[in-house]
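Structural features, examined
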Amino acid sequence: APLTFKKGEDVPLKVNALTSTRTQVPRDYYRLPFCQPDGGPKMASENLGEFLTGNKIQSSPYVLNMLTEAYCTKLCQVTLDKMQAAKLRLHIKYGYH
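First things first, this report covers the structure right here in the doc. (Residues numbered from 1 in each chain as written. Predicted model: local features only at pLDDT ≥ 70, side-chain atom pairs only at ≥ 80, totals over all residues. Heavy atoms only, no water.)

Section: the state of the cysteines
Rules: Cysteine sulfurs are considered disulfide-paired once they come within 2.5 Å of each other. Only DSSP runs of H or I with at least four residues qualify as helices, and only runs of E with at least two residues qualify as strands; both kinds are numbered from the N terminus onward. Partly exposed residues are those whose accessible area sits between 20% and 50% of the maximum for their type, while under 20% is buried and over 50% is exposed, using a 1.4 Å probe and protein chains only.
One pass over the structure, following the stated rule, counts 1 disulfide. The side chain of C35 participates in a disulfide bridge whose partner is C76; the two sulfur atoms lie 1.7 Å from each other. Its S-S torsion of about -85° marks the bond between C35 and C76 as left-handed, since a negative value means left-handed. Of this pair, C35 sits in the loop between β1 (14–15) and α1 (48–52) while C76 is found in the loop between β2 (58–59) and α2 (82–93), placing the two residues 41 residues apart along the sequence. C76 gets classed as partly exposed once you look at its relative accessible area, which sits at 33%. C35 provides the cysteine sulfur closest to C72, a residue in no disulfide bond, and the two sulfurs are 14 Å apart.

Below you can see the structure in the form of structure tokens.
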């Protein structure tokens, strides 16, 4: 069922597995060096169908509020070592999104 939100109410933003039309192999979103929610990501599938179709819905650190203007804010800052940078570059090369 669709959800409704009041002005200023938190709107949860979730992430899914990364996919690529080149490899057909989904990758966990947090396998790459993206900002994580406090306490680490938690599974956030809302129904059995999402689970059965291979969607890996997880919580994210992003904060959104309904009908509230927000400007750019830094979520986190990550410094990549050579191995992490190479892994990220490879996922970009293979068209993961």
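Let's talk about the packing of aromatic side chains
Basically, it comes down to this: Planes of paired rings set the category: under 30 degrees apart is stacked, over 60 is edge-to-face and the rest tilted, where pairs are Phe, Tyr or Trp rings (Trp by its six-membered ring) whose centres lie within 6.5 Å.
Considering all chains together, one arrives at 2 aromatic pairs under this definition. Each residue in the set Y29, Y30 and F34 is aromatic and connected to the rest through ring pairs, giving one cluster.

Side note on unusual backbone geometry
Not every positive phi belongs to a glycine, and Q24 is a case in point at roughly 65°. Residue class for Q24 comes out exposed when judged on its relative accessible area of 62%. Phi at L67 is positive, roughly 55°, even though this residue is not glycine.

Observations concerning a nonpolar patch on the surface
Condition: What goes into a patch is any residue over 30% in relative accessible area without a salt bridge, connected to like charges within 9 Å or, for nonpolar side chains (Val, Leu, Ile, Met, Phe, Trp, Tyr), within 5 Å. Calculation of accessible area relied on Shrake-Rupley with a 1.4 Å probe; when residues are assessed, cover is drawn exclusively from the protein chains displayed. One speaks of a salt bridge when a side-chain nitrogen belonging to Lys or Arg is within 4 Å of a carboxyl oxygen belonging to Asp or Glu.
Together, L13, Y62, L64 and L75 make up a nonpolar patch on the protein surface, roughly 320 Å² of accessible area in all. Looking at the element boundaries, Y62 is found in the loop between β2 and α2. Residue classification places Y62 among the partly exposed positions, given a relative accessible area of 38%.

Brief notes about the layout of surface pockets
Note the cut-off: Using a grid of 1 Å spacing that covers the protein atoms alone, one calls a set of points a cavity when a 1.4 Å probe fits there but cannot get out, and a pocket when the set is open and has protein on both sides within 12 Å along at least five of seven lines; lining residues are those with an atom within 4 Å of a point. Grid points are joined across faces, edges and corners, and a volume is the space filled by probe spheres set on the points. Here the term charged refers only to Asp, Glu, Lys and Arg, the term nonpolar to Ala, Val, Leu, Ile, Met, Phe, Trp, Tyr, Cys and Pro, and the term polar to all other amino acids, Gly among them.
Put simply, the largest pocket is a space of about 260 Å³. Residues that form the lining of the largest pocket fall into these classes: 7 nonpolar, 3 polar and 1 charged.

So, the side chain of S60
Here is the rule we go by: Between N or O atoms, a polar contact is any pair within 3.5 Å; within protein, one atom must be a potential hydrogen donor and the other a potential acceptor, and residues adjacent in sequence are included only when both atoms are from side chains. Whether two residues are in contact is decided by their heavy atoms, any of which lying within 4.5 Å being enough.
In this fold, S60 is placed in the loop between β2 and α2. Among the polar contacts made by the side chain of S60, one reaches the main-chain carbonyl oxygen of L13 at a distance of 2.5 Å. Of the polar contacts made by the side chain of S60, one reaches the backbone nitrogen of Y62; its length is 3.4 Å. When sequence neighbours within four positions are dropped, the list of residues in contact with S60 reads L13, K14, V15, Y30 and P37.

As for α2
Which entries qualify depends on this criterion: An expected span of 1.5 Å times one less than the residue number is assigned to each helix.
Its 12 residues give α2 an end-to-end C-alpha distance of 16 Å, which sits within 8% of 16 Å, the value for a rise of 1.5 Å per residue. Capping of α2 at its N-terminal end is provided by D81; its side-chain oxygen lies 3.1 Å from the backbone amide nitrogen of M83. Taken from the residues just after α2, G95 is the one with a positive phi, measuring 75°.

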